[in-house]
Amino acid sequence: MSGSWSQRISFRIHQWLGLASALVLLIVGATGALLALEDEITAMLPGPTVAVSGPVLPMPQLSRQLALPGKTLQRIYLEAEPQYPGRAQYQDRQTQQREWRIFNPYNGKILGPLPAVSNFFDDVMALHRWLLLPHSVGSVITGTAALMAIGLLLAGFIRRAPDRLTNIKDWLWWKRGSKGRLALWQFHALIGTWLFIPIFIMALTGPWFAFDWYKNGVKQWLGSPQPTAVADVAVTPNADAVWHNFLLIKPDGHFARWYFPAQATGNVRIRYLEADAPHPQAFSVLIFDAAGKLLQQQRYSDLHGGDYLLANIYALHTGLFFGLTGKLLWSLAGLAFSSFAVTGVWLFFNRRARPKEQASGSAETLIAYASQSGTAAAHGQRLKNWLEQQGAGVHLRSLANMQPQDLGAYRQVLVLASTYGEGQAPDSAIAFQHQLATTALALNHVNVAVLAFGDRQYQHFCAFGHWLAQRFSELGAGTLLPLQEVDRGAELALQQWNAALAQKLHLEPSSLALDSWQQATLTEHRCLNPDSGREVYHLEFKVDGNWQAGDILELLPLWSEAKSREYLRQIGLDADAMVSTHTGVMPLWQAQAQCLEALSVTQNSLSPQQYVNAAAALAPRSYSIASIDSQVQLMVRRVAGADGWEGRASGALATADVGSNWQVRLKPHSNFHLPQADVPLILVGAGTGLAPYLGFLQQRRKLNYQTPVWLLFGERYAELDNYYAAELTEFVDAGVINHLDFAWSRPQGRYVQQCLQAEAARLQQYLASGAHIYVCGAIDGIGAGVQQVLLQILGDNLLDELQRQGRYHRDLY
């Protein structure tokens, strides 16, 4: 499992286990913090004492002296300090309730109930272990919460674990300047990291006191086998003999705990402290049979391994094992554990309360995106999730919904800007660009980082991103990070920028997941226009996830070893030469197959490493989805380059076998979705640009929309390239398409933009009734042609108004 997946899964586990157990852990943590310091608090308050007058009474005599009518004496405790009274536990025979009394161990006189402070801590203990509920119910609740705490602690540790040792400082240290939600998240995360060990020990030992199956399992796993005795009839122990033999081992009789037999064997168990006991719970154990014979002696100092751990479960749970320092640390850990319930729930609901794509509340960071095909928007959402998971207040907004003055409300702005075609702003950002170009706004207090998306095949690569960075600088904005160019969504560039951003903001880069690839199986493969010389294939993939009509499937075009070796052989490079890439050292054929775009080399003067350094990082290929449910359908044209090599993805897809597996991911394309309302549509497409409209038409039929749809489709030959003719005819017959125009360039010489120009009146009529225009196809063909015709018919102002209203949608490549 990749680190990003483990981070995301562990975060969800931590989140939901924490929410489910928050209230119980709040109570248990607070009461545990108090109980850890019970002895110290009690010692500071005045308590009863008795006069020391010789040895304590023998236990048999004490048990007779302490007998009370209607109550069963279950335990007798003698304290280590001779001036302190003893304690006796009783169980009422009718109500089965337990209670304690204190007594003078030298004459057996009952002095009364426990002091108020002891009763208080008894109530705290009952709240801590049983929530003041019946034992059988409350212990199940607290024990289950402890089990859930084990899971959420481990998940939280995995969630925060640094991916590199160099990140440990950021993992453990408070980031200065944190405010608001970020400061609260840092408290939640850092306290949990600093106090992880004591909290985890408390959680791990907690179920011991709630579940017999847990206790027995731990004993069986850690402990040595213990003999058991069974008696057919109840046996009354010889208390005098037991006491006599006990004094042979512990002559003063102090700090002994006598447990009266609850089983028919008559065996008596006594726990006592040796003189060298390291802490007040370091008990040695004696077991006598009914006749007073010593059956077993387990000295604490002789314990080792699992038996030693078992003897110290309580001391580990309370911190007593580590002395006063441990008790103080455990008390702080209990308070921290209790605070996690408050901070965790607050962070959860505070994060959920904010709409994902809207700015609400205050925030110091803005993620602004200008996206044409959805790449910038998708990465913006990932950045937002990453920042919010670490407690930062952040807004995510499209430049389409912003004005330049909105930038002044933020301390730092992350701009994710796609460049459309030859240096243009995306359609959704044109209005913002015009406003920013003419504003006199001062942005001296704002720091800006620009991540520029583009396609290197165009001359003005990432031009809009560069323009934005220059314009922000002219307006006085500081540079948070240098501009980073991203060629066709290449993940190497994204990872480098993410790492630089994380370092600049003192955040954890490991939790920013780029990797959402999944394996998809090809289930259908057929050519739509055989013998055309420009084959288009209908492909169907079984893909997990949800998508809308207009969304995009990204495919990672990996090469096989054979194909990679053949390409390198043709350009004269040693396929087995070891080279260094951003993912590590590997053979050149593997780097070419998995990490690099093919670099055309006409005269091979490059070494293998120079070739790797010059080649672009492998970028995914994007295809419009032609379906709305079931399986993802694509239209893919087989293309070949000037060097004779087929398109890296299209060539492989054209020859793919049904059942083959591919690395893909779904990408939302919000700029190319259907309007939410039932409004008229003008759908203009050429070649594989028909693909998203097939999904649009399916969706409109499913929703029973009634407004008119005008589809204009262009290709070369009517007899070869009339893709999905039967399906389009069915849409026309069903009234889903109201007007269908074809433009065949061979031999008619007719193109889609000419159809549109000839139907100018229809265009005006549709637009007057609120229609949206969609254009999909090649940017240099249908894109430029339709844009020119629209400008001629509508004029600059009306076309700009359509763009501002979000009624002009383009998906061009």
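1. Describing the overall build of the chain
Okay, step 1: A tally of helices and strands in the chain yields 26 helices and 26 strands.
Okay, step 2: For a compact globule of 813 residues, the expected C-alpha radius of gyration is about 28 Å, and the chain comes in at 38 Å, more than 25% above that figure.
Okay, step 3: In terms of its C-alpha atoms, the chain occupies a principal-axis envelope of roughly 120 × 60 × 60 Å.
Okay, step 4: About 37,600 Å² of surface is accessible on the chain, with carbon and sulfur atoms providing 54% of the total.
Okay, step 5: Measuring between centres, the 62 positive side-chain charges of the chain sit 7 Å from its 63 negative side-chain charges.

2. Quick notes on the packing of aromatic side chains
Okay, step 1: A complete count under the given rule lists 28 aromatic pairs for this structure.
Okay, step 2: Taking the centre distance of 5.2 Å and the plane angle of 55 degrees together, the rings of Tyr77 and Trp100 count as tilted. Note that Tyr77 is positioned in strand 1 (residues 71-77) and Trp100 in strand 3 (residues 98-103), a separation of 23 residues in sequence. Pair check on accessibility: Tyr77 and Trp100 agree, each one buried.
Okay, step 3: Seen from the ring of Trp559, Arg648 lies directly overhead, with NZ or CZ sitting 4.4 Å from the centre.

3. Observations concerning the nonpolar core
In summary, soluble globular proteins display a tendency toward joint burial of nonpolar side chains.
Okay, step 1: With 30 residues, the main nonpolar core has Leu153 and Ile199 as its most contacted residues.
Okay, step 2: Counting only elements with at least two residues in this core, the list comes to helix 1 (3-35), helix 5 (135-160), helix 8 (196-205), helix 9 (212-222), helix 12 (313-318) and helix 13 (323-352).
Okay, step 3: Considering every element that reaches this core, the biggest residue donor is helix 8, with six residues.
Okay, step 4: When near neighbours in sequence (up to four residues on either side) are disregarded, Ile199 contacts Leu153, Ala333, Ala336, Phe337 and Phe340.

4. Some points on the sheet that holds strand 2 (residues 86-92)
Okay, step 1: Spatially, 4-3-2-1-5-6-7-8 is the arrangement adopted by the eight strands of the open sheet, whose pairing is antiparallel. The open sheet has two free edges, formed respectively by strand 4 (110-113) and strand 8 (294-298), since each of these has just one partner strand. Strand-to-strand twist of the sheet, defined as the mean angle between neighbouring strand axes without regard to direction, takes the value 25 degrees.

5. Section: the pairing of strand 15 (residues 536-542)
Okay, step 1: Of all the seven residues making up strand 15, six are buried; the element is thus mostly covered by neighbouring parts of the structure.
Okay, step 2: As paired elements, strand 14 (residues 518-527) and strand 15 share six bridges and run antiparallel to each other. Along strand 15, the bridge assignment pairs Cys527 with Tyr537.

6. Here's the deal with the pattern of salt bridges
Okay, step 1: Enumeration according to the criterion identifies 32 salt bridges in this entry.
Okay, step 2: Where Asp427 meets Arg810, a salt bridge forms, and the shortest distance between an N and an O atom there is 2.4 Å. Here the residue Asp427 occupies a position in the loop between strand 11 (412-418) and helix 15 (430-438), and Arg810 occupies one in strand 26 (residues 808-812), the gap between them amounting to 383 residues. Here Asp427 and Arg810 have matching classes, each one buried.
Okay, step 3: The closest approach of N and O atoms between Arg569 and Glu566, which form a salt bridge, is 2.7 Å. Here the residue Arg569 and the residue Glu566 both occupy positions in helix 18 (residues 561-570), the gap between them amounting to three residues, near one helical turn.

7. Side note on the sheet that holds strand 20 (residues 632-637)
Okay, step 1: The strand order 19-16-21-14-15-20 describes an open sheet built from six strands, whose pairing is antiparallel. The sheet is open, and its two borders are formed by strand 19 (621-624) and strand 20, each paired with just one other strand. Here the average twist between neighbouring strands, direction ignored, is 40 degrees.
Okay, step 2: With six bridges joining them, strand 15 and strand 20 adopt antiparallel strand pairing. Residue pairing across strands places His538 opposite Met635, the latter belonging to strand 20.

8. Focus on unusual backbone geometry
Okay, step 1: Along the chain, Arg746 connects to Pro747 via a cis peptide bond; the corresponding omega equals -5 degrees.
Okay, step 2: Within the secondary structure, Pro747 is located in the loop between strand 24 (739-744) and helix 24 (752-758).
Okay, step 3: One non-glycine residue, Gln96, lies in the positive phi region at around 65 degrees.
Okay, step 4: Here Gln96 falls in the partly exposed class, since its relative accessible area comes to 43%.
Okay, step 5: A positive phi angle is found at Asp531, which is not glycine, with a value near 65 degrees.
Okay, step 6: Residue position: Asp531 is located in the loop between strand 14 and strand 15.
Okay, step 7: Take Asp531: its relative accessible area is 73%, and that puts it in the exposed class.

9. Some words on the packing of helix 22 (residues 691-703) against helix 23 (residues 725-733)
Okay, step 1: Taken N-terminus to C-terminus, the directions of helix 22 and helix 23 make an angle of 35 degrees; their axes are 12 Å apart at the nearest point. For helix 22 against helix 23, the interelement crossing comes out left-handed. Where helix 22 approaches helix 23, its residues Leu694, Leu697, Gln698 and Arg701 are matched on the opposing element by Leu728, Glu730 and Phe731.
Okay, step 2: Broken down by class, the residue content of the contact of helix 22 with helix 23 amounts to four nonpolar, one polar and two charged.

10. What about the environment of Leu399?
Okay, step 1: With respect to the secondary-structure elements, Leu399 resides in the loop between strand 10 (394-398) and strand 11.
Okay, step 2: According to the relative accessible area criterion, Leu399 is buried, its value standing at 2%.
Okay, step 3: Measuring from C-alpha to C-alpha, the distance between Leu399 and Ala417 comes to 9.2 Å, with 18 residues separating the pair along the chain.
Okay, step 4: Those residues in contact with Leu399, other than ones at most four positions away along the chain, are Ala368, Tyr369, Ala370, Ser428, Ala429 and Phe432.

11. Considerations on the pairing of strand 12 (residues 447-454)
Okay, step 1: Taking burial as the measure, the eight residues of strand 12 include seven buried ones, the bulk of the element.
Okay, step 2: Judged from the seven bridges that link them, strand 11 and strand 12 form a sheet pairing that is parallel. Bridge assignment links Leu414 to a residue of strand 12, and that residue is Ala449.
Okay, step 3: Handedness of the crossover joining strand 11 and strand 12 through helix 15: right-handed.
Okay, step 4: The handedness of the strand 12 to strand 13 (residues 478-487) crossover, carried by helix 16 (residues 463-474), is right-handed.

12. As for the side chain of Arg471
Okay, step 1: Looking at the element boundaries, Arg471 is found in helix 16.
Okay, step 2: Using a relative accessible area of 13% as the deciding quantity, one classes Arg471 as buried.
Okay, step 3: A polar side-chain atom of Arg471 sits 3.5 Å from the main-chain carbonyl oxygen of Ala437.
Okay, step 4: Residues contacting Arg471, with those up to four places away along its chain left out, are Leu436, Ala437, Thr438 and Thr439.

13. Re the packing of helix 14 (residues 375-389) against helix 17 (residues 491-505)
Okay, step 1: Viewed as axis vectors pointing N to C, helix 14 and helix 17 meet at an angle of 30 degrees, and their least axial separation amounts to 13 Å. By the criterion of interaxial angle, the relationship of helix 14 to helix 17 is roughly parallel. Here helix 14 runs over helix 17; the crossing is right-handed. Touching His379, Arg382, Leu383, Trp386 and Leu387 of helix 14 are Leu494, Trp497, Asn498, Leu501, Ala502 and Leu505, all from helix 17.
Okay, step 2: A per-class count over the contact of helix 14 with helix 17 returns eight nonpolar, two polar and one charged.

14. Considering the confidence of the model for the chain
Okay, step 1: The pLDDT averaged across the chain works out to 87; a share of 92% of its residues lies at or above 70.
Okay, step 2: Segment residues 163-167 is flagged for pLDDT under 50; beyond a separation of four residues in sequence, or across chains, it makes three contacts in the model.
Okay, step 3: Between residues 351-358, whose pLDDT stays under 50, and residues either more than four places distant or in other chains, the model counts 24 contacts.

15. As for the state of the cysteines
Disulfides are covalent bonds that link the sulfur atoms of two cysteine residues.
Okay, step 1: On inspection of all chains with the given rule, the structure shows zero disulfides.
Okay, step 2: As a non-bridged cysteine, Cys527 has Cys776 as the owner of its nearest cysteine sulfur, 19 Å distant.
Okay, step 3: Using a relative accessible area of 26% as the deciding quantity, one classes Cys527 as partly exposed.

What counts, and at which threshold
- Residues numbered from 1 in each chain as written.
- Predicted model: local features only at pLDDT ≥ 70, side-chain atom pairs only at ≥ 80, totals over all residues.
- Heavy atoms only, no water.
- Helix = DSSP H or I, 4+ residues; strand = E, 2+ residues; numbered from the N terminus.
- Rg over C-alpha atoms; globule rule 2.2 N^0.38 Å.
- Areas by Shrake-Rupley, 256 points an atom, 1.4 Å probe, with all protein chains shown as cover.
- Lys, Arg positive; Asp, Glu negative; His and termini not counted.
- Charge placed at Lys NZ, Arg CZ, Asp CG, Glu CD.
- Phe/Tyr/Trp six-rings, centres within 6.5 Å; stacked < 30°, edge-to-face > 60°.
- Buried < 20%, exposed > 50% of the residue type's maximum accessible area, 1.4 Å probe, protein only.
- Lys NZ or Arg CZ within 6 Å of the ring centre and 35° of its normal.
- Core = buried A, V, L, I, M, F, W, Y, C linked by side-chain atoms within 4.5 Å.
- Contact = heavy atoms within 4.5 Å.
- Pairing = 2+ DSSP bridges.
- Axes fitted to C-alpha atoms, helices over the stretch in contact; angles between N-to-C directions.
- Salt bridge = Lys/Arg side-chain N within 4 Å of Asp/Glu carboxyl O.
- Left-handed = near helix turned anticlockwise from the far one by under 90°.
- Nonpolar A, V, L, I, M, F, W, Y, C, P; charged D, E, K, R; others polar.
- Right-handed = clockwise from strand over helix to strand, strands pointing away.
- Polar contact = N/O pair within 3.5 Å; in protein donor to acceptor, adjacent residues only side chain to side chain.
- Parallel < 35°, antiparallel > 145°, perpendicular 65-115°, else oblique.
- pLDDT = per-residue confidence, 0-100.
- Disulfide = S-S within 2.5 Å.

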